Amino acid sequence: ESKSVIALDKKTGKQVWRSDADNVYGSWATPVLVDVANGKSELVLNAPFEMWGFDPDSGDFLWFAEGVQDNTICGSLIARDGIVYAIGGRSGSAVAVKAGGRDDVSKSHILWKKSLSSYVPSPVLAGDRILSVNERGIVGCLNAKTGEQLFQQRLSNAGGVYASPIVVGGKAYLVTRQNGTFVMDLSGKGEVLAQNKLDDDTDFNASPAVTDGKLLLRSNRRLYCIASKSE
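Values in this document were obtained by computation on a predicted structure and should not be read as measured data.

Cut-off values and rules
Residues numbered from 1 in each chain as written. Predicted model: local features only at pLDDT ≥ 70, side-chain atom pairs only at ≥ 80, totals over all residues. Heavy atoms only, no water. Pairing = 2+ DSSP bridges. Helix = DSSP H or I, 4+ residues; strand = E, 2+ residues; numbered from the N terminus. Axes fitted to C-alpha atoms, helices over the stretch in contact; angles between N-to-C directions. Core = buried A, V, L, I, M, F, W, Y, C linked by side-chain atoms within 4.5 Å. Buried < 20%, exposed > 50% of the residue type's maximum accessible area, 1.4 Å probe, protein only. Contact = heavy atoms within 4.5 Å. Salt bridge = Lys/Arg side-chain N within 4 Å of Asp/Glu carboxyl O. Phe/Tyr/Trp six-rings, centres within 6.5 Å; stacked < 30°, edge-to-face > 60°. 1 Å grid on protein atoms, 1.4 Å probe; cavity = no way out; pocket = protein on both sides within 12 Å on 5 of 7 lines; lining within 4 Å. Points joined across faces, edges and corners; volume = space filled by probe spheres on them. Nonpolar A, V, L, I, M, F, W, Y, C, P; charged D, E, K, R; others polar. Polar contact = N/O pair within 3.5 Å; in protein donor to acceptor, adjacent residues only side chain to side chain.

(A) Inspection of the sheet that holds strand 17 (residues 171-175) at higher detail. Taken in spatial order, the four strands make up an open sheet running 16-17-18-19, and their pairing is antiparallel. The open sheet has two edge strands, strand 16 (166-168) and strand 19 (192-196), and neither has a second partner. The mean angle between the axes of side-by-side strands here comes to 25°, regardless of whether they run parallel or antiparallel. One ladder, built from five bridges, connects strand 17 with strand 18 (residues 181-185); its direction is antiparallel.

Here's what the structure looks like:
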């Protein structure tokens, strides 16, 4: 059975294009749109062992580069200023690639490669820092420009983590499956400011969301909306 990347017309649902990509079978990641030169955009996908760039209008395959070294990819890419970042894999891979190339750009467009483990959750980019957490509760932070590791630590009593972190107001929110939400100062070495746990003994697997100053958390039992007392 052929595996494909497909674009649909969002108004009608009709297929606009289909690009065959058998290796996409091992990818659970969401593609991202990346701004490149001349006001254009590229659709970039995190695939097993590689990163792929497509023309979002036509579906034409544009380029590929060495990516996360694993045959199953869960974490989605993050991108800014024409640079795409991938973190994931069971052995731990982190790579930064400049978009806008053609064909194999592994030697020409890879800016840095490092080791950082984050198999299930996706990373988050805040300022010049990339933050990731793996399913065992180990948090890592890299400098986006150089790939330099700024800090790495295990969250005490975190247990399992499936949710992707978010950053709001310079603070990272890391939701664990059964041991609450950790609030971390993203500056410095990542000081843990708080660990907040709701009276809910089911798993929290979904990534948190923020809207209008309110934090949304979903467990296997309920959806929670958390706001300050002044709201």
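Text resumes after the structure shown.
(B) Broad picture of the nonpolar core. One finds Val44, Met51, Trp63, Leu77, Val84 and Val97 to be the most contacted residues of the largest nonpolar core, which totals 19 residues. For this core, the leading source of residues is strand 6 (residues 61-66), giving three residues. Not counting residues up to four positions away in its chain, the partners in contact with methionine 51 are Val44, Leu45, Trp63, Phe64, Ala65, Gly67, Leu77, Val84, Ala86, Val95 and Val97. By size, the runner-up hydrophobic cluster in this structure holds 16 residues, among which are Leu150, Phe151, Leu155 and Leu174.

(C) Highlighting the pattern of salt bridges. All told, the structure shown has seven salt bridges when counted by the stated rule. For arginine 102, the salt bridge is made with glutamate 42, and the minimal N-O distance between the two is 3.6 Å. Residue arginine 102 is found in the loop between strand 9 (93-98) and strand 10 (103-104), and its partner glutamate 42 is found in strand 4 (residues 41-47); the two are separated by 60 residues along the sequence. With a relative accessible area of 3%, glutamate 42 lands in the buried category.

(D) Spotlight on the packing of aromatic side chains. Evaluation of the coordinates by the stated rule reveals seven aromatic pairs. On the numbers, 6.4 Å between centres and 75° between planes, the contact of tryptophan 52 with phenylalanine 54 is edge-to-face. The exposure class of tryptophan 52 is buried, given its relative accessible area of 5%. Phenylalanine 54 gets classed as buried once you look at its relative accessible area, which sits at 1%.

(E) Quick look at empty space enclosed by the protein. What the rule picks out here adds up to one cavity of 30 Å³ or more. As a volume, the largest cavity reaches approximately 80 Å³. The wall of the largest cavity is formed by 13 residues, among which Gly180, Thr181, Lys197, Leu198 and Phe204 lie closest to the centre. Class assignment for the residues of the lining of the largest cavity results in four nonpolar, six polar and three charged.

(F) Looking closely at unusual backbone geometry. Its identity as a non-glycine residue notwithstanding, aspartate 103 has a phi of 60°, on the positive side. Tracing the chain through its elements places aspartate 103 in strand 10. Judged by its relative accessible area of 56%, aspartate 103 falls in the exposed class. With phi around 60°, asparagine 157 is a residue other than glycine that occupies positive phi space. Assessed through its relative accessible area of 61%, asparagine 157 is described here as exposed.

(G) Quick peek at the environment of valine 133. Here valine 133 is to be found in strand 13 (residues 129-133). Sequence separation between valine 133 and valine 175 is 42 residues; the distance between their C-alpha atoms is 9.9 Å.

(H) Summary view of the side chain of aspartate 200. For aspartate 200, the position within the fold is in the loop between strand 19 and strand 20 (209-211). Classification of aspartate 200 as buried rests on a relative accessible area of 6%. Reaching out from aspartate 200, the side chain makes a polar contact with the side chain of tyrosine 224 at a distance of 2.6 Å.

(I) Here's a closer look at the pairing of strand 18. Of all five residues making up strand 18, four are buried, and the element is well covered by its neighbours. Between strand 17 and the antiparallel strand that follows it, strand 18, lie five residues; glycine 180 among them carries a positive phi value of about 85°. Note: strand 18 against strand 19, four bridges, orientation antiparallel. Its bridge partner being in strand 19, phenylalanine 182 is matched across the sheet by glutamine 195. Here strand 18 hands over to strand 19 after six residues, with glycine 188 in that stretch at a positive phi of 60°.

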